[in-house]
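Here is how the chains run, residue by residue.
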Amino acid sequence: MFSGFMVNAWLIGTIVAFVGGVVGFFVVLRGAAFPAHAIPNGAFAGAAGANLIGVNPLIGLGVFSLGAALGIGRLARRGRADAVTAMALVMMLALGAAFLSQSTEYEPEIFSLLFGEILGVSRGQLLPVALLGLVCVVAVGVLYRRLLLTSIAPEIAAAQGLRPELVDTAFLVVIACATTMTVPVVGALLIFTLMIGPPAAARCFTDRAEMALAGSVVLALLTVWASLACSYTTNWPVGFFVSVFSAGWFGLGRGYAHWRSHASFEGVTDHTLVNVA
Amino acid sequence: VDFLFEPGFFSSSPVHVALVIGAVSAVVSAVVGVFTVVRGQSFAGHALTDVATTGGSASFFYGISPLLGFLGAGVLGAGAMELVGVQRLRGRDVATGIVLGVATGLAALYLYLDATRSATTGAAQQILFGSIFTIASSTIPFVAAMSVVTLAVIAFIYRPLLLSSLSSELAAARGIASRYVGLLFILALAISVGLSSIAIGSILSTALLIGPAATSLRLTKTLRSAFVFACVLGVVCTWLGVLFAYDSYYWFPSSQGLPVSFFIVLLIFLAYLASGLRPIRRLAQRRRDPRDGVAHVLVTSGNAAVH
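These figures come from a predicted structure and were not determined experimentally.

A. Layout of the overall build of chain B. On a plain count of helices and strands, chain B comes out with 14 helices and zero strands. Along its sequence from the N terminus, chain B presents helices and strands in the succession α-α-α-α-α-α-α-α-α-α-α-α-α-α. For chain B, the proportion of its 307 residues judged to be buried stands at 57%. Within chain B, counting contacts between residues at least 6 apart in sequence, those at least 24 apart form 75% of the total.

B. Examining the packing of helix α7 (residues 158-166) of chain B against helix α9 (residues 178-200) of chain B more closely. Residues and elements named next belong to chain B. For the pair α7 and α9, interaxial distance at closest approach is 10 Å and the crossing angle is 110°. Of the possible angle classes, the one that applies to α7 and α9 is roughly perpendicular. For the pair α7 and α9, the sense of crossing is left-handed. Contacts between α7 and α9 involve P160, L161 and S164 on the former and, on the latter, S178, V181 and F185. Taken together, the residues of the contact of α7 with α9 break down into four nonpolar, two polar and no charged.

C. Looking closely at helix α8 (residues 164-205) of chain A. All names here are of chain A. Counted at 1.5 Å a residue, the expected span for α8 with its 42 residues is 62 Å, but the 28 Å between its end C-alpha atoms falls short. At V186, α8 shows its maximal kink, close to 115°. Taken across its 42 residues, α8 has 35 buried, putting it largely inside the fold.

D. Seen up close, the pattern of salt bridges. Within the structure shown, the criterion is met by four salt bridges over all chains. A salt bridge links R260 of chain A to D207 of chain A; the shortest N-O distance between them is 3.7 Å. Pair noted here: R260 of chain A is in helix α10 (residues 238-264) and D207 of chain A is in the loop between α8 and α9 (209-234), with a separation of 53 residues, a long-range link. Accessibility expressed as a relative area gives 18% for R260 of chain A, which makes it buried. The salt bridge partner of E82 of chain B is R179 of chain B, with a shortest N-O separation of 3.7 Å. Within this pair, whereas E82 of chain B is found in helix α3 (residues 66-84), its partner R179 of chain B is found in helix α9, the two being separated by 97 residues in sequence. Judged by its relative accessible area of 15%, E82 of chain B falls in the buried class. Look at R179 of chain B and you get partly exposed, because its relative accessible area is 40%.

E. Fine view of the side chain of T150 of chain A. Residues and elements named next belong to chain A. Tracing the chain through its elements places T150 in helix α6 (residues 126-152). A polar contact is formed between the side chain of T150 and the side chain of R30, at a distance of 3.1 Å. The residues contacting T150, other than those within four sequence positions of it, are R30, A157, L162, P164 and V167.

F. Focus on the environment of F227 of chain B. Residue and element names in this part refer to chain B. On the secondary structure map, F227 appears in helix α11 (residues 223-248). Separated by 53 residues in sequence, F227 and R174 place their C-alpha atoms 25 Å apart. Here F227 is in contact with V31, V34, F35 and Y158, once residues within four sequence places are set aside.

G. Looking closely at the packing of aromatic side chains. Scanning all chains against the criterion turns up 18 aromatic pairs over all chains. Residues F34 of chain A and F43 of chain B carry aromatic rings whose centres are separated by 4.6 Å and whose planes lie at 25° to one another, so their mutual orientation is stacked. Taken as a pair, F34 of chain A in helix α2 (residues 33-53) and F43 of chain B in helix α2 (residues 42-62) lie in two separate chains rather than in one. Plain terms: the ring middles of F241 of chain A and F245 of chain A are 6.4 Å apart, the flat faces sit at 25° to each other, and that makes the pair stacked. In this pair, F241 of chain A and F245 of chain A both sit in helix α10, four residues apart, roughly one turn of the helix. Across from the ring centre of Y272 of chain B, 4.3 Å away, lies the NZ or CZ of R218 of chain B, which sits over that ring.

H. Molecular detail of a nonpolar patch on the surface. Residue and element names in this part refer to chain A. A contiguous nonpolar patch, built from L52, I53, V55, I59 and V63 and spanning about 440 Å² of accessible area, is present on the exposed surface. Listing elements by their share of the nonpolar patch, those giving two or more residues are α2 and α3 (57-75). With respect to the element layout, I53 can be found in helix α2. The exposure class assigned to I53 is exposed, which follows from its relative accessible area of 66%.

How each quantity is defined
Residues numbered from 1 in each chain as written. Chains lettered and ligands numbered in written order. Predicted model: local features only at pLDDT ≥ 70, side-chain atom pairs only at ≥ 80, totals over all residues. Heavy atoms only, no water. Helix = DSSP H or I, 4+ residues; strand = E, 2+ residues; numbered from the N terminus. Buried < 20%, exposed > 50% of the residue type's maximum accessible area, 1.4 Å probe, protein only. Contact = heavy atoms within 4.5 Å. Axes fitted to C-alpha atoms, helices over the stretch in contact; angles between N-to-C directions. Parallel < 35°, antiparallel > 145°, perpendicular 65-115°, else oblique. Left-handed = near helix turned anticlockwise from the far one by under 90°. Nonpolar A, V, L, I, M, F, W, Y, C, P; charged D, E, K, R; others polar. Expected span 1.5 Å × (residues − 1). Bend = angle between axes of the 7 residues up to and from the residue. Salt bridge = Lys/Arg side-chain N within 4 Å of Asp/Glu carboxyl O. Polar contact = N/O pair within 3.5 Å; in protein donor to acceptor, adjacent residues only side chain to side chain. Phe/Tyr/Trp six-rings, centres within 6.5 Å; stacked < 30°, edge-to-face > 60°. Lys NZ or Arg CZ within 6 Å of the ring centre and 35° of its normal. Patch = residues over 30% accessible without salt bridge, like charges linked within 9 Å, V, L, I, M, F, W, Y side chains within 5 Å. Areas by Shrake-Rupley, 256 points an atom, 1.4 Å probe, with all protein chains shown as cover.

The following block contains the structure:
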């Protein structure tokens, strides 16, 4: 389990879990689950298009996820954000269907873009993933205060002259970056579930932003490690285990929050986070 | 005429089925879609297509009717979203995400098991993308009947649904149980989405649900005209898309046409973009409200609904 191709899987899984935990904390805080689903899922069309014209799929993924991030950010200023996201997603998927109809792509490759192929990671894929992951984490670090303020205290953010639509777009670009790096390796499903379940669970356990962020990373790491072990033993897809464990953490977190709110009449609130910000 | 309609368009029976099923799905999706967009449930509407397709891949595995798989999974998923979701908008977002994640994970598992057990290729692609040209004409009566049921549910809860979508306070003051109205609505949404994803594929299902509704809500002044315009737009885009897809078989020397979903989505997307070119009405402009553009429509038609 810890030799040969599995070493690469453990390494890359750890990187992806770390990035997913960090970015996911803000995905949940900002209610950005739909773009976090739409960008990785739609970006696969870019890979299909790149295959068609004989370019590196990573470039296609990057172009499509960045285009989706900027397009959603731009259009959402005039329309409803969720409708805009849905339109961007279906347009990208439809382009993907068109590309696939023109190519001789094998079905297993589509399957791996959606559901991942983490056990088939090569050493050469490690460096680009690690670099893009570093970019994401640094970007979140730089934007940290702005992301927190615009999410939980829009009035204070406005008073400080922050422009929420710019922060929104910047965050969508971070999601796009995380997507480009992870989709070819772990698939669209895995990165999405990692960005929802563990962070949402972590927020149930603590009211403090830093603690929730740390908890999100820890739970994401535990999820990926446990999933890799289970997948290795059963031969079932990793994505299945990641989604089940992520949902499991969330269930535990909600149960804990429920129990605590009944014990002390205090729920998880945004106000406690404001004090920290 | 031959320039526009390639030979055989009007005599081809797959085309007839596609035109009928497409129109039925477009109308039901448009009606349900207007409420979906107004209530800010686009994410749930899309997620339910993925949940339904999971049911599709599970039905392949267990050897039951795909129709049952699509509808059953959709209804279960909708129930789970309501159960997990708290009433706040942000909690709903996370609940939808969790249900969607589990459903996609199960889809991965079933597709893997399908592939290892029966080595049927093409199942994943069929389930994910579907095709309006490959459905059997025998499913038309069932799809039509379920569509009528969905529309009947919407008509039955129309007023309470409208009120609780506009203002939960107003609805509560009038003694409307918004929670149950919302539950009924999301079940109707699940059925409509499940039907359209088996009939026309999951991409088109979301496109026809959100696109025409969001476009018409930007262009019309009353909710009633929004319904009518959304239905017309959905049907027109679907029929033109079917026509283009049919013609596209003759466009390339390889006789490899482009998928019908591509054309329909492209038309819907262009219509949506075009509707955004109109200057924003002053009422919606006053602040960056997530319900912008709809606010106006709701105020006018809401009054009509109350009085």
